[in-house]
Amino acid sequence: MKKIFLILIASSFIISCDNLEKLNTNVKDPSDVPGEALFTSAQKALVDQMVNTNVNNNIFRLINQDWTEVTYTDESNYDLITRTIPEQHWQFLYKDVLKDLDQAAINIENTPSLPTDNPTVKQNKLAIIEVLNVYTYSILVETFGDVPYSEALNIDIKKPKYDDGLTIYKDLISRLNTAISKLNNSAGSFGQNDRIYIGDVSKWSKFANTLKLKMGLVISDIPSETVLATATVSSAAPLVFASNADSAKLTYLTATPNTNPLYIDLVASGRSDFVPTNTLIDYMNSQNDPRRARYFDDNMDDPSTPGIDYIGGENGVENSFPNLTHITSTIQAPDYPGAILDYSEAEFLLAEAAERSMYGTPADAEGHYNAGVTASILDWGGTVAEASIYLSRNDIAYTTAAGTWRQKIGIQSWVALYNIGFEGWTSWRRMDSPMLLPPPDAVSGIPVRFTYPIIEQTLNGTSYQNASAAIGGDAVETKLFWDVN
């Protein structure tokens, strides 16, 4: 009996040891997750970060003076430190986007192919992942300048070096060229796992070329990069977005956690933190812009301002939410698509390329400018007739509007990119238009970059110090390598 008892104890111990071993198995190991699922996760994390308005993560609409805050005005006054906004932006892009994209590519590459599989499908998936890698790294460089790149995703390197921003950018253009050459429109890709284009490779090709067009123009003011910039722009321009149907917009759902972050920030939160600025509304009022009825909710009926029903808040100070125009309810719907790059921007970029004689001649700029304005109005639910009336104004028409081509294209791009905050910020930094003024209590000038995350100073101090010195100082007013005007 004693012997049987000991055997039972031993058996129990063996079973228990086996169970303990199972506890050491990481059932959530990314290497066991389908690459397609990781791609979907990375794609959503990317768009979430680029479109949300949570002041812990994304304040580009505030920097652009599209919106301002009502009660808590720190971020409208460019306080990036209290809420560690640069750190959130940095971590979302590196940890939640680039790392998942990297693992997605590894898993897809290592997934055995069936005899019936079309090998071009796998090639397309890997090329699309690479396009999103390039896009994400370009955002990091355009935000911070020098950033970890060559050592960024190596888990064995705890303190990665920061690579030179221009060197990274040129390498990204090369990588993008390679990825574009591997996209094959005759085969599929991610299907429903792709929440932007539902696997349509031809649209990914247009996205990649539109991104390439933008990147070529970003470096176009650098004297040493004229040849590369021109080659990049001229090769991309004929292949970019051709209509609003091509714009890169992620499809959100009506149920959490898959809603547009704007719904969470503006509706589900139960808060009333933001109103449009008078900077934007006053300009649009002066032009009788038909997009006002789509950008804003006309909740005003002020007899002291006949004919003007849109009144914006003063930037950087406390504002009365009930007494000002509100953000349109349209973009607050849970399933409102999240855009990161659109057709109107492509046309404004083509207008700039024409003025620089990189694609066509300056005489072609007017057509692209008109197409950019029209695309924006149509995308927001306006009509061709409204666009024609708007463009017929002497102060809007390309040939009669005041200012240089930079100012004309810059201000219309600023208006059109109202709900694509990062692209609006980059356009404003490149074109220096419109003329924006810091609010009275601003803690700095209008940011032209983000400062590096504070945590980098602590955990990666040497690399941080080297990068700060290389770019000319870790300040929001430090212009990046491409911002030379």
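Quick notes on the rules
Residues numbered from 1 in each chain as written. Predicted model: local features only at pLDDT ≥ 70, side-chain atom pairs only at ≥ 80, totals over all residues. Heavy atoms only, no water. Phe/Tyr/Trp six-rings, centres within 6.5 Å; stacked < 30°, edge-to-face > 60°. Helix = DSSP H or I, 4+ residues; strand = E, 2+ residues; numbered from the N terminus. Buried < 20%, exposed > 50% of the residue type's maximum accessible area, 1.4 Å probe, protein only. Axes fitted to C-alpha atoms, helices over the stretch in contact; angles between N-to-C directions. Parallel < 35°, antiparallel > 145°, perpendicular 65-115°, else oblique. Left-handed = near helix turned anticlockwise from the far one by under 90°. Contact = heavy atoms within 4.5 Å. Nonpolar A, V, L, I, M, F, W, Y, C, P; charged D, E, K, R; others polar. Polar contact = N/O pair within 3.5 Å; in protein donor to acceptor, adjacent residues only side chain to side chain. Core = buried A, V, L, I, M, F, W, Y, C linked by side-chain atoms within 4.5 Å. Salt bridge = Lys/Arg side-chain N within 4 Å of Asp/Glu carboxyl O. Expected span 1.5 Å × (residues − 1). pLDDT = per-residue confidence, 0-100.

**So, the packing of aromatic side chains**
Line of reasoning, step 1. One pass over the full model with this rule turns up 30 aromatic pairs.
Line of reasoning, step 2. Summarising the aromatic geometry, the rings of tyrosine 162 and tyrosine 452 are spaced 5.2 Å apart at their centres and angled 90 degrees between planes, so their arrangement reads as edge-to-face. Of this pair, tyrosine 162 sits in strand S3 (residues 162–163) while tyrosine 452 is found in the loop between helix H16 (421–431) and helix H17 (454–459), placing the two residues 290 residues apart along the sequence. Of the two residues, tyrosine 162 and tyrosine 452, neither departs from the other in class, the shared state being buried.
Line of reasoning, step 3. On the numbers, 4.3 Å between centres and 10 degrees between planes, the contact of tyrosine 295 with tyrosine 418 is stacked. Separated by 123 residues along the polypeptide, tyrosine 295 in helix H11 (residues 292–295) and tyrosine 418 in the loop between helix H15 (405–416) and H16 bring together distant segments of the chain. Across the pair, tyrosine 418 and tyrosine 295 agree in class, each one buried.

**Brief notes about the packing of helix H7 (residues 201–218) against helix H12 (residues 343–355)**
Line of reasoning, step 1. Two elements in contact, H7 and H12, have axes whose closest approach is 10 Å; the angle formed by their N-to-C orientations is 40 degrees. When the axis of H7 is compared with that of H12, the two are oblique. Pair H7 / H12 crosses with left-handed handedness. Of H12, the residues touching H7 (which contributes Thr210, Leu213, Lys214 and Leu217) are Glu345, Ala346, Leu349, Leu350, Glu352 and Ala353.
Line of reasoning, step 2. Of the residues in the contact of H7 with H12, the class split is six nonpolar, one polar and three charged.

**Focus on the environment of histidine 326**
Line of reasoning, step 1. Position of histidine 326 among the secondary structure elements: in strand S7 (residues 326–327).
Line of reasoning, step 2. A C-alpha to C-alpha distance of 5.7 Å links histidine 326 and phenylalanine 296, two positions 30 residues apart in sequence.
Line of reasoning, step 3. Side-chain polar atoms of histidine 326 contact the backbone oxygen of phenylalanine 321, separated by 2.8 Å.
Line of reasoning, step 4. Only 3.3 Å separates the side chain of histidine 326 from the backbone oxygen of leucine 324, close enough to count as a polar contact.

**Some remarks on the nonpolar core**
Line of reasoning, step 1. Membership of the largest hydrophobic core comes to 129 residues, with the highest contact counts inside it found for Phe39, Trp67, Trp204, Phe207, Leu213 and Phe450.
Line of reasoning, step 2. Of all the elements, helix H5 (residues 119–144) adds the most residues to this core, at twelve residues.
Line of reasoning, step 3. Contact partners of phenylalanine 39, with chain neighbours within four places excluded, come to Leu101, Ala104, Ile128, Ile129, Leu132, Phe190, Asn193, Asp194 and Trp204.

**Quick notes on the pattern of salt bridges**
Line of reasoning, step 1. Under the counting rule described, the total for this entry stands at 20 salt bridges.
Line of reasoning, step 2. The closest approach of N and O atoms between arginine 406 and aspartate 221, which form a salt bridge, is 2.9 Å. Of the two residues, arginine 406 sits in helix H15 while aspartate 221 sits in the loop between H7 and helix H8 (226–236), which places them 185 residues apart along the sequence. Assigned by exposure class, arginine 406 and aspartate 221 land together as buried.
Line of reasoning, step 3. Its salt-bridge partner being glutamate 352, residue arginine 430 comes within 2.7 Å of it at the nearest N-O pair. One end of the pair, arginine 430, is in helix H16; the other, glutamate 352, is in helix H12, with 78 residues separating them in the sequence.
Line of reasoning, step 4. The exposure class of glutamate 352 is buried, given its relative accessible area of 1%.

**Details of helix H13 (residues 365–379)**
Line of reasoning, step 1. For H13, with 15 residues, the first-to-last C-alpha span of 21 Å sits near the 21 Å given by 1.5 Å per residue.
Line of reasoning, step 2. For H13, the full list of buried residues reads Ala365, His368, Tyr369, Gly372, Val373, Ala375, Ser376 and Ile377.
Line of reasoning, step 3. Check the buried side of H13 and you find it contacts H11, H12, helix H14 (384–391) and H15.
Line of reasoning, step 4. Phi for glycine 381, located one or two positions after H13, is positive at around 95 degrees.

**Quick look at the confidence of the model for the protein chain**
Regions with low pLDDT should not have their predicted coordinates read in detail.
Line of reasoning, step 1. Of the residues in the protein chain, 92% reach a pLDDT of 70 or more, and the chain-wide mean stands at 92.
Line of reasoning, step 2. Low pLDDT, under 50, characterises residues 1–28; the predicted model gives this stretch one contact beyond four residues in sequence or across chains.

**Comments concerning the packing of H15 against H16**
Line of reasoning, step 1. Between H15 and H16, the least distance of the axes is 9 Å, while the angle of their chain directions is 165 degrees. Comparing their axes, H16 and H15 come out roughly antiparallel. Here H15 runs over H16; the crossing is left-handed. Counted together, Trp405, Arg406, Ile409, Gly410 and Ser413 of H15 and Ser427, Arg430 and Met431 of H16 form the full contact between these two elements.

**Some details on the side chain of asparagine 460**
Line of reasoning, step 1. Tracing the chain through its elements places asparagine 460 in the loop between H17 and helix H18 (461–471).
Line of reasoning, step 2. The class for asparagine 460 is buried, based on a relative accessible area of 3%.
Line of reasoning, step 3. Within the local environment of asparagine 460, its side chain forms a polar contact with the backbone oxygen of proline 160, the two atoms lying 2.9 Å apart.
Line of reasoning, step 4. If we ignore the near neighbours within four places in the chain, the residues touching asparagine 460 are Lys159, Pro160, Tyr162 and Ile455.

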